[in-house]
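This is what each chain is made of:
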2 protein chains.
Amino acid sequence: MVSNDKYDYIEKLVLARIKPKEEEYSKLRKAFNFIKKHVENVLKENNVKAKVTLQGSFAHDTWLSGDNDLDVFVLFPPDWSIEDLRDKGFNILLEAAKRIGKYEIRYSQHPYVRVYIGDIRADLVPGYEVVSNKDIRTAVDRTPFHTQYVNSKLDDKMRDQVRILKKFLKNLGIYGAEIKTKGFSGYVAELLIIKYGSFRNLLREATNWKHPVYINTLDNEEEFKKIKRLLKQKYPESVLYIPDPVDPYRNAAASVSLRSLAIFVVASRCYLRKPDLVFFFDEQTLNQEIVVESLDNRCLLLVELPLKEKLPPDIIWGEIQRVGDRGAKVLINNDFNVIYWDVWTDEKEKSYILYELDYCEKKNPRLYKGPEYWAKDRVLRFIAKHIEHNAIGPWINMHGQLVSLKKRKYESAQNLLIERSWEYIVTPHFKGLTPKIHVVTRDFLEKIWGQGGISKWLMKSILRRPKWMEKCIE
Amino acid sequence: MVSNDKYDYIEKLVLARIKPKEEEYSKLRKAFNFIKKHVENVLKENNVKAKVTLQGSFAHDTWLSGDNDLDVFVLFPPDWSIEDLRDKGFNILLEAAKRIGKYEIRYSQHPYVRVYIGDIRADLVPGYEVVSNKDIRTAVDRTPFHTQYVNSKLDDKMRDQVRILKKFLKNLGIYGAEIKTKGFSGYVAELLIIKYGSFRNLLREATNWKHPVYINTLDNEEEFKKIKRLLKQKYPESVLYIPDPVDPYRNAAASVSLRSLAIFVVASRCYLRKPDLVFFFDEQTLNQEIVVESLDNRCLLLVELPLKEKLPPDIIWGEIQRVGDRGAKVLINNDFNVIYWDVWTDEKEKSYILYELDYCEKKNPRLYKGPEYWAKDRVLRFIAKHIEHNAIGPWINMHGQLVSLKKRKYESAQNLLIERSWEYIVTPHFKGLTPKIHVVTRDFLEKIWGQGGISKWLMKSILRRPKWMEKCIE
């Protein structure tokens, strides 16, 4: 048993490094006021009444030092049409952004404007001013209710617990609801602390989780039972169900993948056994030589696809993941074992899929398993298909099943990925593209060493063991 | 649909070749009388009253031309003790054998004597003269009741049908209840014809078989239901249940393996589609060049074990099969895929196991699949075991399962089979022996071309496709 002092000590150290300092608060507050002033000016010029509000983790005061992000929601009258909001509302924000400084137009469900003030990034998002959570029309409208709810439930101590949890999730690579991460959103982190009171309590709970996990964020047990049933129907694929208290028919944790949940549970168990800073700060200095040496006798293929146009990150990541998944199936159908696959994109120029296979080349005949002897027509079809000059068999094995050994169609996984690209490069923005297939060798790695994102992702994907995992057994 | 004429034509041709001629009958009859005289002389000299009887397929008149085998059962008084039978009884037969000519002592459940007269082989077996099948004491005592039963049920037409069936089974390599074959005994062939009336009817039935198959050889449906249940308990591994009408609590088809059953069913289907002589006479002239060419990029390992002493065939075959099975498990546990394995022995000097593997050498790391994230202790144990300098991972995959890639203990299947021989060479008469492992190459095959049994078995095992299977789709 680890003493509570040990956890307290570690968590205090973490907090000292991630809790924003007063200067950071005032810098962000000033930036908000600056933005607010400009937006209100444009609103006045257009004779529009709207509220400029602060939302998100700054408004919840659960943000981390260094995360200079502001969520500025401009709430327009509820009698505006959706078209007005997207057109007139959006243009007012755009005009304000132009006056504020550097900006760009972004898309999630709706277009919005992102402005940059020094190292601060602020999103200006148009929404409705909604009086009750029953009147929510767009995902955006829900946000002010989240702020209200979270602030009514969190005290300062719990806010620090949220910060610790967020840093933990970030370091595990499972913080964020985007398709890229399929992890835990900031709001989910807050709901979990509201439910369990503290980071450590949550982790103790998590060690008992087995999907599907249901977390009662509602006061009412009867109500929760009903909601559980409904959420299970509405989100059949979810592994974690957390009814959004503001809108209980929504699963706030819908984004969490099985892998993210599993990482969280295993890391929780490891942290409780061996509390350590490595669970929060794990800047892996990857030794290039170790990475290169680990390549011996492995087959790592990197599929490279160009990005033809600028697209919202969720679109790019969603498509490249789908292409990656289809590609894995093509490999498996051709008897290459896919040991690991992952995707990465710089979101600008290129997308990548990394496959690790058992072998890149298979020159030996392939084993085809046919039907059992009693499956009349299938037996005849299998025999007909597998009697070939260069086939061994068919024969009947000791399980009474027909089997045969036959020369394989593709001996090289690389050729397969090139020649059958039409079969897996199927998403709207990739379709028709020709992939470049790189074999990951020492030479290839040396060529991309310096190239930031891709190089770091590739090295991590090759070694694969997270640093915190080593703590689990020491 | 194939016309009945076509079947009739083929079956008539078969019968013309397998039905013994009158000269053969008289030759065997003469041999029996010769044996009988000698045995009766020794009986008289010893003042013992016993009956010298003819049993088996000659007595049933279901034998095939060229099968010059006689089963001579000498039935001693039922008041003799088992010891008397095995000692006094056996010695009388031994003395007779010495006078008859060339002989050898053989063992199945009991010792017996085999004598040779020209090209005729006769087994002299001591048993009891039992009045009712309720009084059966040894397996031998059952035989006279079989003869009685079969002869009461078969007419001459059905006897020919048995012959056709036996030849069909023989050619498929599934005729015989010995451990070597695990197929259909002559008595089972007779029971099947008694049940279904003809070869063709039986085959039509067999195309609908799916194991476990129960065949009602009793007159009574109620009785059969009861027996079925009991046989299933007594022979839980059987795939085919045929109550012995002479002793219904015995499954006459206990020896039939799943593979033998499956071959019979598939071949039945093929024959009914395309009746052809190849189903009965399939002397494969194996083209050596084709065999050698088929070796390309395959991994075939032949394990050779010496036989230290003369043993009953069932013992040798049983042990070598068990060793083969254990060896396959050792290979599989070390991540070599066993695509095929089979055994063979000359029953005198050597035993062999042939393994076909996906690869003989695997230099790439091995994928270890660990527990799912929620299996608390197993997760920790897996992590502890797989964190090694030269391991990739462990990592958590998208199914929430822990996995790792690690250098394998054995990169060479050949070394594995040598170094771990203690793990599979475990049967009484092989234990402690050192196996020789041959890689089956062109050179190796050329060395053993001429060597009869082993060479023929090996070539068949390499190509594996039975000739009749090609008929199925023409």
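In this text the structure is predicted, and so the values were computed from the model without any measurement.

Calculation notes
- Residues numbered from 1 in each chain as written.
- Chains lettered and ligands numbered in written order.
- Predicted model: local features only at pLDDT ≥ 70, side-chain atom pairs only at ≥ 80, totals over all residues.
- Heavy atoms only, no water.
- Buried < 20%, exposed > 50% of the residue type's maximum accessible area, 1.4 Å probe, protein only.
- Helix = DSSP H or I, 4+ residues; strand = E, 2+ residues; numbered from the N terminus.
- Pairing = 2+ DSSP bridges.
- Expected span 1.5 Å × (residues − 1).
- Least-squares fit on C-alpha atoms with pLDDT ≥ 70 in both.
- Contact = heavy atoms within 4.5 Å.
- Domains from an automatic or database assignment.
- Buried area = accessible area lost by both parts, 1.4 Å probe.
- Salt bridge = Lys/Arg side-chain N within 4 Å of Asp/Glu carboxyl O.
- Polar contact = N/O pair within 3.5 Å; in protein donor to acceptor, adjacent residues only side chain to side chain.
- Nonpolar A, V, L, I, M, F, W, Y, C, P; charged D, E, K, R; others polar.
- UniProt positions renumbered as here; feature names shortened; annotations may be inferred.
- Patch = residues over 30% accessible without salt bridge, like charges linked within 9 Å, V, L, I, M, F, W, Y side chains within 5 Å.
- Areas by Shrake-Rupley, 256 points an atom, 1.4 Å probe, with all protein chains shown as cover.
- Phe/Tyr/Trp six-rings, centres within 6.5 Å; stacked < 30°, edge-to-face > 60°.

### Section: the pairing of strand β14 (residues 392-396) of chain B
Residue and element names in this part refer to chain B.
And then number 1: The buried fraction of β14 amounts to five of the five residues, a majority that puts the element mostly inside the structure.
And then number 2: Here β14 pairs with strand β15 (residues 401-406) via three bridges, running antiparallel. Residue pairing across strands places I392 opposite L405, the latter belonging to β15.
And then number 3: Between β14 and β15, which pair antiparallel and follow one another directly, the connecting turn spans four residues, one of which, G400, has a positive phi of 75°.

### Notes on helix α10 (residues 258-273) of chain A
Given 3.6 residues to a turn, an α-helix orients residues that are three or four positions apart in the same direction.
And then number 1: Along its 16 residues, α10 of chain A runs 23 Å from first to last C-alpha, staying within 8% of the 22 Å computed at 1.5 Å per residue.
And then number 2: For α10 of chain A, a buried count of 14 out of 16 residues is recorded, marking the element as mostly surrounded by other parts of the structure.

### Structural notes on the relation of the copies chain B and chain A
And then number 1: Note on the identical chains: chain B maps onto chain A by a rotation of 180° and an axial translation of 0.0 Å, with an RMSD of 0.2 Å. Classification of the inter-copy transformation places it as that of a two-fold axis.
And then number 2: Interface overlap between copies: 98% of the residues of chain B at the interface are likewise at the interface in chain A, consistent with a symmetric, same-surface contact.

### Section: the domain arrangement of chain A
And then number 1: Considered domain by domain, chain A is made up of domain 1 (19-151), domain 2 (154-279), domain 3 (288-361 + 411-471) and domain 4 (366-406).
And then number 2: Just the C-alpha atoms count here: the centres of domain 1 of chain A and domain 4 of chain A sit 65 Å apart.

### Some remarks on the interface of chain B and chain A
Think of interface size as the accessible area that goes away when the parts come together; that is how it is often given.
And then number 1: Contact residues are listed per partner, giving 64 residues for chain B and 63 residues for chain A.
And then number 2: In total, about 5300 Å² of surface goes out of reach between chain B and chain A, with carbon and sulfur atoms giving 68% of it.
And then number 3: Taken together, the connections running from chain B to chain A amount to zero salt bridges.
And then number 4: Scanning the region where chain B abuts chain A turns up 20 residue pairs in polar contact (both at pLDDT 80 or more).
And then number 5: Among the elements that make up the side of chain B that touches chain A, the one with the highest residue count is helix α10 (residues 258-273) of chain B (nine residues).
And then number 6: In terms of residue class, the side of chain B that touches chain A is built from 36 nonpolar, 11 polar and 17 charged.

### Quick notes on the UniProt feature "binding site: Mg(2+)" (unreviewed entry) in chain A
All names here are of chain A.
And then number 1: In the numbering used here, UniProt assigns the feature "binding site: Mg(2+)" (unreviewed entry) to D69, D71 and D123. Taken together, the annotated residues stretch across 55 residues yet fold into one region, lying no more than 7.9 Å apart by C-alpha.
And then number 2: You can see D69 is positioned in strand β2 (residues 69-76).
And then number 3: Discounting residues that sit within four places of it in the chain, D69 has contacts with F58 and R121.
And then number 4: If you trace the backbone, D71 turns up in strand β2.
And then number 5: Not counting residues up to four positions away in its chain, the partners in contact with D71 are T53, L54, Q55, G56, S57 and D123.

### Observations concerning a nonpolar patch on the surface
Residues and elements named next belong to chain A.
And then number 1: Residues Y103, I105 and Y107 make up a contiguous nonpolar surface patch of roughly 290 Å² in combined accessible area.
And then number 2: Note on placement: Y103 falls in strand β3 (residues 102-107).
And then number 3: In this structure Y103 comes out as partly exposed when scored by relative accessible area, which is 32%.

### What about the packing of aromatic side chains?
And then number 1: Tallying each qualifying case throughout the model produces 45 aromatic pairs over all chains.
And then number 2: Consider the rings of F199 of chain A and F280 of chain A, whose centres lie 5.8 Å apart with planes at 55°: the pair is tilted. One end of the pair, F199 of chain A, is in helix α8 (residues 199-206); the other, F280 of chain A, is in the loop between α10 and α11 (288-294), with 81 residues separating them in the sequence. Of the two residues, F199 of chain A and F280 of chain A, neither departs from the other in class, the shared state being buried.
And then number 3: Taking the centre distance of 5.1 Å and the plane angle of 80° together, the rings of Y25 of chain B and W63 of chain B count as edge-to-face. Here Y25 of chain B is found in helix α2 (residues 22-45), whereas its partner W63 of chain B is found in the loop between α3 (56-60) and β2 (69-76), with 38 residues between them in sequence.

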